[in-house]
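Coordinates in review
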Amino acid sequence: MVNPIELETLNAPQLRELTRELVERLSAQQHKDNESAQTIESLKRELLFKSTRIEQLTYELARYKRLRFARTSEQLDAVQASLLEEALDCDLAAIEEQLEQLREQPKSAARLKPRREALPAHLPRVAVHHEPELKSCSCGCALTRIGEDISEKLAYEPGVFTVERHIRGKWVCAKCQTLTQAPMPAHIIDKGIATAGLLAQVMVAKFSDHLPLYRQEAIFARAGYAIARSTLGAWVGACGVQLQPLVDALKQAMLSHEVVHADETPVAMLKPGNGKTHRAYLWSYAAGAFEPIKAVVYDFTETRSGKHAEAFLGAWRGKLVCDDYAGYKALLAKGVVECGCLAHARRKFFDLHAHNNSQLAEQALKYFAQLYDIEREVRELDAHARCQIRQAQAKPIADALHTWMAAHRAKVPDGSAIAKALAYSLTRWSALTRYLDDGTLPADNNHVENQIRPVALGRSNWLFAGSLRAGQRAAAVMRLIQSAKLNGHDPYAYLKDVFTRLPTQPASRLAELLPHRWQPSPV
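So, here is what we can say about the structure in this document. (Residues numbered from 1 in each chain as written. Predicted model: local features only at pLDDT ≥ 70, side-chain atom pairs only at ≥ 80, totals over all residues. Heavy atoms only, no water.)

Each helix and strand in the protein was counted, giving 16 helices and nine strands. When each of the 523 residues of the protein is scored for burial, the buried share is 44%. Contacts in the protein between residues at least 24 apart in sequence constitute 67% of all its contacts with a sequence separation of at least 6. Summing over all exposed atoms, the protein offers an accessible surface of approximately 27,400 Å²; the carbon and sulfur share of this is 54%. (Helix = DSSP H or I, 4+ residues; strand = E, 2+ residues; numbered from the N terminus. Buried < 20%, exposed > 50% of the residue type's maximum accessible area, 1.4 Å probe, protein only. Contact = heavy atoms within 4.5 Å. Areas by Shrake-Rupley, 256 points an atom, 1.4 Å probe, with all protein chains shown as cover.)

Structure (structure tokens):
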């Protein structure tokens, strides 16, 4: 800075230069102050969010613990009670995992956990060595091996348990006494005993093979090591939380495409505390049948309200292939284009013909058969060629079908089954035939209906979803498993590799682990 005496000796150009420097310094200081204020405000918002979320999760954790360790409702039989307990075990582990991520504890303040029992001596051991890449110290001297640390993890191949013995040699420099040791590889459950393969087995068995944890407990016991279902539940809950970023990324990848299928199916959900179930819903969304991505995304909700579809799709505005359920109608007012399902329209006539031997229904089915014959021909073509053939061959058939339906609707009595079948198609004709003018659209919603079948197959084993959290977790994990199947992957191999790579996968490369982009790690 210039003192007042020196200031008097400055000429006009020097004064202007000094003024410019002062203005620049003031501007820079103001910019720093603004950045500091923004940083403080951001930290305040983050702190408020974390403290609020921790409070919510702590309350939820206490509530679930009361449910888990209180007397089971007498309205449940033994199997139902077991399924409820395993769902609550998973939920408790998931909440604790989320709380652990939110609470930034000092590394010295590690959580105290019960001492783990040693793995059985009769299980075969496989040694996995971890040694430093360099055998020389930074000072230039050679390292000398002085010992090792050993940790054991439980591995599983279908029907056979083994124990991985991770041996980390200790190397020391004789001159400077520097100790060098290779780090323990990162695992999806930090300090847990389960390998990625065992965790993948549990998740695939539960969410793909529909084996509840109490059945898996018995299967593992026959293989030589009984894993308590509470432990299995803790693994499922923790893995569900760790997979969430990948699950969210799959949803975003699917919604980046223009055509999406949607359907929903009921699933019984238990209300913990009163022992009764009510009808919840699993929604299925899939990228269009002709889109380059093969992905299905499930969403579990307590009701069938259309607000859930609105919340899921968010700002997405594309072409939605769906049935005539009113819950989707609010989306149309927001710019979503409705594309009908030809199979739904056909099914109404098929049921009439099958149950009542209706001659009118038989005539309608012949028209639909011609339309589907053309769809089989154009399935493997590109969108432009598909549209051209539909315009030339399918549109005349559709026009004839519409004329036939309108003529017979005027003849049949109101309220009759055939009148309802005709009215369904006539009132939705624009949506049902939109595919004729757009080669990117499929003719029906069968693509997503095929993806929801695993849910229907599993319901006999699930009996119900143990809680809202359990249903949402199942929906999330099934997104990855079913999408892996769609892309021709073995879900066990896929999840095992994901569990191995996910702990060290950079966020910028998370998309590499999505089912439609996944490549197995080189052996």
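The next subject is the nonpolar core. Leu154, Leu198, Trp235, Leu320 and Phe499 are the most contacted members of the largest nonpolar core, which has 81 residues in total. Tallying contributions element by element places helix α6 (residues 229-254) first for this core, with 11 residues. With 35 residues, the next largest nonpolar core counts Ala361, Phe368, Ala419 and Leu436 among its residues. (Core = buried A, V, L, I, M, F, W, Y, C linked by side-chain atoms within 4.5 Å.)

We now examine helix α9 (residues 342-356). Counted at 1.5 Å a residue, the expected span for α9 with its 15 residues is 21 Å, and the 21 Å between its end C-alpha atoms agrees. Of all the positions in α9, only Leu342, Ala343, His344, Ala345, Phe349 and Leu352 are classed as buried. Directly after α9, the chain includes Asn357, whose backbone phi takes a positive value near 55 degrees. (Expected span 1.5 Å × (residues − 1).)

In this section: the packing of helix α10 (residues 359-378) against helix α11 (residues 383-409). Running from N to C, α10 and α11 point in directions that differ by 170 degrees, and their axes come no closer than 10 Å. Relative to α11, the element α10 is oriented roughly antiparallel. Residues Leu360, Gln363, Ala364, Tyr367, Phe368, Gln370, Leu371, Ile374, Glu375, Glu377 and Val378 of α10 form the contact with α11, whose own contacting residues are Arg386, Ile389, Arg390, Gln393, Ala394, Ile397, Ala398, Ala400, Leu401, Trp404, Met405 and His408. (Axes fitted to C-alpha atoms, helices over the stretch in contact; angles between N-to-C directions. Parallel < 35°, antiparallel > 145°, perpendicular 65-115°, else oblique.)

In this section: the packing of aromatic side chains. The tally for this structure, following the rule as stated, stands at 11 aromatic pairs. Considering the side-chain rings of Tyr367 and Trp404, the 6.0 Å spacing of their centres and the 45 degrees angle between planes classify their relative orientation as tilted. Note that Tyr367 is positioned in helix α10 and Trp404 in helix α11, a separation of 37 residues in sequence. Look at Trp404 and you get buried, because its relative accessible area is 10%. Pairing Tyr494 with Trp518 gives two aromatic rings, centres 5.4 Å apart and planes at 85 degrees, and the pair type is edge-to-face. Of this pair, Tyr494 sits in helix α16 (residues 491-501) while Trp518 sits in the segment after α16, and the two are 24 residues apart along the sequence. Judged by relative accessible area, Tyr494 falls into the buried class, the value being 0%. Judged by relative accessible area, which is 6%, Trp518 ranks as buried. Through pairs of rings, three or more aromatic residues link up here, namely Tyr156, Phe161, Phe220 and Tyr225. Above the face of the Phe312 ring, Lys251 is positioned so that its terminal group lies 4.3 Å from the ring centre. (Phe/Tyr/Trp six-rings, centres within 6.5 Å; stacked < 30°, edge-to-face > 60°. Lys NZ or Arg CZ within 6 Å of the ring centre and 35° of its normal.)

Positionally, Glu375 belongs in helix α10. There is a polar contact of 2.8 Å between the side chain of Glu375 and the side chain of Arg390. (Polar contact = N/O pair within 3.5 Å; in protein donor to acceptor, adjacent residues only side chain to side chain.)

Looking now at helix α12 (residues 417-427). Along α12, the residues that are buried comprise Ile418, Ala419, Ala421, Leu422, Tyr424 and Ser425. In this structure, the buried side of α12 is in contact with α9, α10, α11 and α13 (429-432).

A few words on the pattern of salt bridges. Oppositely charged side chains are able to pair whenever their charged atoms sit close together. For the structure shown, the criterion picks out 23 salt bridges. The closest approach of N and O atoms between Glu217 and Arg229, which form a salt bridge, is 2.9 Å. Of this pair, Glu217 sits in helix α5 (residues 213-223) while Arg229 sits in helix α6, and the two are 12 residues apart along the sequence. Linking Asp399 and Lys395 is a salt bridge whose minimum nitrogen-to-oxygen distance equals 3.3 Å. Note that Asp399 and Lys395 are positioned in helix α11 at a spacing of four residues, about one turn of the helix. Salt bridges sharing partners connect three or more residues here, namely Asp324, Lys329, Glu338 and Arg428. (Salt bridge = Lys/Arg side-chain N within 4 Å of Asp/Glu carboxyl O.)

Okay, unusual backbone geometry next. Although it is not a glycine, Gln177 adopts a positive phi angle of roughly 60 degrees. Examined against the element boundaries, Gln177 turns out to sit in the loop between β3 (160-173) and β4 (179-181). With relative accessibility at 55%, the residue Gln177 sits in the exposed group. For Lys191, which is not glycine, the phi torsion reads 65 degrees and is therefore positive. Relative to the elements of secondary structure, Lys191 occurs in the loop between β4 and α4 (196-207). Take Lys191: its relative accessible area is 61%, and that puts it in the exposed class.

Put simply, helix α15 (residues 468-486) and α16 touch, their axes get as near as 9 Å, and they point 125 degrees apart. With respect to α16, the element α15 is oriented oblique. Regarding α15 and α16, the two cross each other, and that crossing is right-handed. Contact residues: α15 offers Leu480, Ile481, Ala484 and Lys485, while α16 offers Pro491, Tyr494 and Leu495. A per-class count over the contact of α15 with α16 returns six nonpolar, no polar and one charged. (Left-handed = near helix turned anticlockwise from the far one by under 90°. Nonpolar A, V, L, I, M, F, W, Y, C, P; charged D, E, K, R; others polar.)

Take Val172: it is sitting in strand β3. On the basis of relative accessible area, Val172 is assigned to the buried category, the value being 13%. Residues Val172 and Thr144, 28 residues apart in the sequence, show an inter-C-alpha distance of 5.2 Å. If we ignore the near neighbours within four places in the chain, the residues touching Val172 are Ala142, Leu143, Thr144, Ile146, Gln177, Thr178 and Leu179.

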